[in-house]
Amino acid sequence: MTLKDQYERPLRDLRISVTDRCNFRCPYCMPAEIFGERYQFLPKPQLLTFEEIARLTRILVRLGAVKARLTGGEPLLRQDIEELVAMLAAIEGVDDLAMTTNAYLLPQKLDALKAAGLKRLTISLDTLDDEIFRRMNGGRSGVDKVLAGIAAAEAAGYTPLKINAVVQRGVNDHTLVELARFFKERGHILRFIEYMDVGNKNGWRMDEVVPSAEIVERIHAELPLEPAAGNYFGEVARRYRYVDGGGEIGLISSVTQPFCGSCTRMRLSPEGRIFTCLFAVEGTDLRGPLRAGAADDEIEAIIRATWGARIDRYSEIRSSLTDEVRDRRKKVEMYHIGG
Ligand code: SAM
Ligand code: SF4
Ligand code: SF4
């Protein structure tokens, strides 16, 4: 029987965060003043091993998951990540295996990832303006590094790529048309993400959110667009095609046009907790039972109970929360469960 939550949503996608560490310090995710030299990231013994991740994935596939995406933190910082890719690629029922990365380490990792069976790549790049980009990653990288990663991905045949750009008013919103034009010419799918109030550390304010409708208007004024039909149930991005036939963009509008009704994603944290929402307060521990010798059926029962009880729809209720209530809610951080 298909596993459904309290709102009849099936479990389809699995986001696997393989590390809580990152080589960038994007202020909207891991502000450098909080995640400094002395910040205590998870010690290695607390991370799920690749064998543990693969075992959980096999169980989750039995429960309906057909897509897996590796994320983080920065997934390329996890040592020998290609070994995990190979293990997941070998699981029957994982139809799609993807990774979201900041691309800094991609050129040196790409051959191994491809050989291991990684199918698709999403690369994050918020702007082509080098000074603004440095501000948006805490001074850790210039645009050139990410473009080198993109070039390597193109050469390895990962086309079209998906490119994620977080939009923050007053920071990079005046550079979006340039970004759109650049990726239109290269045939990649640029997805604009509304700046979200994930976690409690990025100092999110509603007035920094640029609504997707405004983003579409701004692009449309220079590069005419028309709405395109969605690809599948649970797709998070609303799609728009360029009228001249030159590709498409996506809008991920968690703030102004929430899509909780079709949210089929489960998130696995680096230390083995499952979260049923990006804005969850708590997760359910699977590492404890795994390491205590639980059988697959017992783990499956825990996952069934967790998903079966799921009532998350944070983005749909966000606007009804006062700033104070929202700020008091202790949410899991983005760098921890990976977007
Ligand atoms: N480090 C990798 C990267 O940046 O691509 C993967 C993990 S990152 C948490 C996944 C995605 O979440 C990135 O595309 C990032 O831009 C996005 N993200 C992080 N914080 C966000 C926020 N506050 N609002 C919207 N998107 C955010
Ligand atoms: Fe690192 Fe990605 Fe978060 Fe930026 S968005 S700090 S690259 S995990
Ligand atoms: Fe899914 Fe939670 Fe985002 Fe709604 S707020 S779309 S339930 S992750």
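Keep in mind it's a predicted model, so treat the numbers as computed, not measured.

The next subject is helix 2 (residues 81-89). All of the buried residues along helix 2 are I81, E82, L84, V85 and L88. The buried side chains of helix 2 occupy one side of the element, clustering within an arc of 155° when seen end-on. Buried-residue contacts for helix 2 involve strand 1 (13-17), helix 1 (50-62), strand 2 (67-71), strand 3 (96-101) and helix 3 (106-116).

Our focus in this paragraph is the site of ligand 3. For ligand 3, the full set of nearby residues is F259, C260, C263, R265, R267, C277, L278, F279, R310, D312, Y314 and S315. Elements with a contribution of two residues or more to the shell around ligand 3: strand 10 (265-268) and helix 10 (314-317). When its residues are assigned to classes, the shell around ligand 3 shows 7 nonpolar, 1 polar and 4 charged.

Let's shift gears to the packing of helix 6 (residues 176-186) against helix 7 (residues 212-222). One way to put it is that helix 6 packs onto helix 7 with a least axis distance of 9 Å and a crossing angle of 60°. Relative to helix 7, the element helix 6 is oriented oblique. Two packed elements cross with a definite hand, and for helix 6 against helix 7 that hand is right-handed. Of helix 7, the residues touching helix 6 (which contributes L176, V177, A180 and R181) are I215, R218, I219 and E222. Residue classes in the contact of helix 6 with helix 7 are distributed as 5 nonpolar, no polar and 3 charged.

Turning our eyes to something else, we now look at the nonpolar core. Formed by 105 residues in total, the largest nonpolar core has its most connected members in F192 and I219. Looking at this core, the element that brings in the most residues is helix 1, giving 7 residues. Beyond its immediate chain neighbours, meaning those up to four positions away, F192 contacts A165, V167, L176, L179, A180, I215, I219, I249, G250, L251 and I252.

Across the sheet, 12 strands lie side by side as 7-8-9-6-5-4-3-2-1-10-11-12; this open sheet has mixed pairing. Strands at the two margins of the open sheet, each flanked by one partner only, are strand 7 (225-227) and strand 12 (284-285). When strand 1 meets strand 2, the two strands line up parallel, connected through 5 bridges. By the bridge assignment, L14 is partnered in strand 2 with A68. Lying over the sheet, helix 5 (residues 143-155) contacts strand 4 (120-124) and strand 5 (162-167), oriented at roughly 165° with respect to strand 4.

This paragraph deals with the site of ligand 1. Close to ligand 1 lie 20 residues, the nearest being Y28, G73, S124, N164 and M196. The backbone of T101 places a nitrogen or oxygen atom 3.3 Å from an oxygen atom of ligand 1. Here S124 contributes a side-chain N or O atom positioned 2.6 Å from an oxygen atom of ligand 1. Protein contacts shield 95% of the accessible area of ligand 1, which totals 550 Å² for the unbound molecule. Among the secondary structure elements, those contributing two or more residues to the shell around ligand 1 are strand 3, strand 5 and strand 6 (189-194). In terms of residue class, the shell around ligand 1 is built from 8 nonpolar, 10 polar and 2 charged.

This part is about unusual backbone geometry. Apart from glycine, the bulk of residues carry a negative phi angle, and the bulk of peptide bonds sit in the trans form. Looking along the chain, the bond that leaves T159 and enters P160 is cis, with omega of -5°. Secondary-structure assignment places P160 in the loop between helix 5 and strand 5. Even without being a glycine, D80 presents a positive backbone phi close to 55°. Structurally, the position occupied by D80 is in the loop between strand 2 and helix 2. Judged by its relative accessible area of 31%, D80 falls in the partly exposed class. Backbone geometry places A103, a non-glycine residue, at a positive phi of 75°. Structurally, A103 is set in the loop between strand 3 and helix 3. On the accessibility criterion, A103 (0% relative accessible area) is buried.

The rules behind each value
- Residues numbered from 1 in each chain as written.
- Chains lettered and ligands numbered in written order.
- Predicted model: local features only at pLDDT ≥ 70, side-chain atom pairs only at ≥ 80, totals over all residues.
- Heavy atoms only, no water.
- Buried < 20%, exposed > 50% of the residue type's maximum accessible area, 1.4 Å probe, protein only.
- Helix = DSSP H or I, 4+ residues; strand = E, 2+ residues; numbered from the N terminus.
- Arc of directions from axis to C-beta.
- Contact = heavy atoms within 4.5 Å.
- Near = heavy atom within 4 Å.
- Nonpolar A, V, L, I, M, F, W, Y, C, P; charged D, E, K, R; others polar.
- Axes fitted to C-alpha atoms, helices over the stretch in contact; angles between N-to-C directions.
- Parallel < 35°, antiparallel > 145°, perpendicular 65-115°, else oblique.
- Left-handed = near helix turned anticlockwise from the far one by under 90°.
- Core = buried A, V, L, I, M, F, W, Y, C linked by side-chain atoms within 4.5 Å.
- Pairing = 2+ DSSP bridges.
- Polar contact = N/O pair within 3.5 Å; in protein donor to acceptor, adjacent residues only side chain to side chain.
- Areas by Shrake-Rupley, 256 points an atom, 1.4 Å probe, with all protein chains shown as cover.

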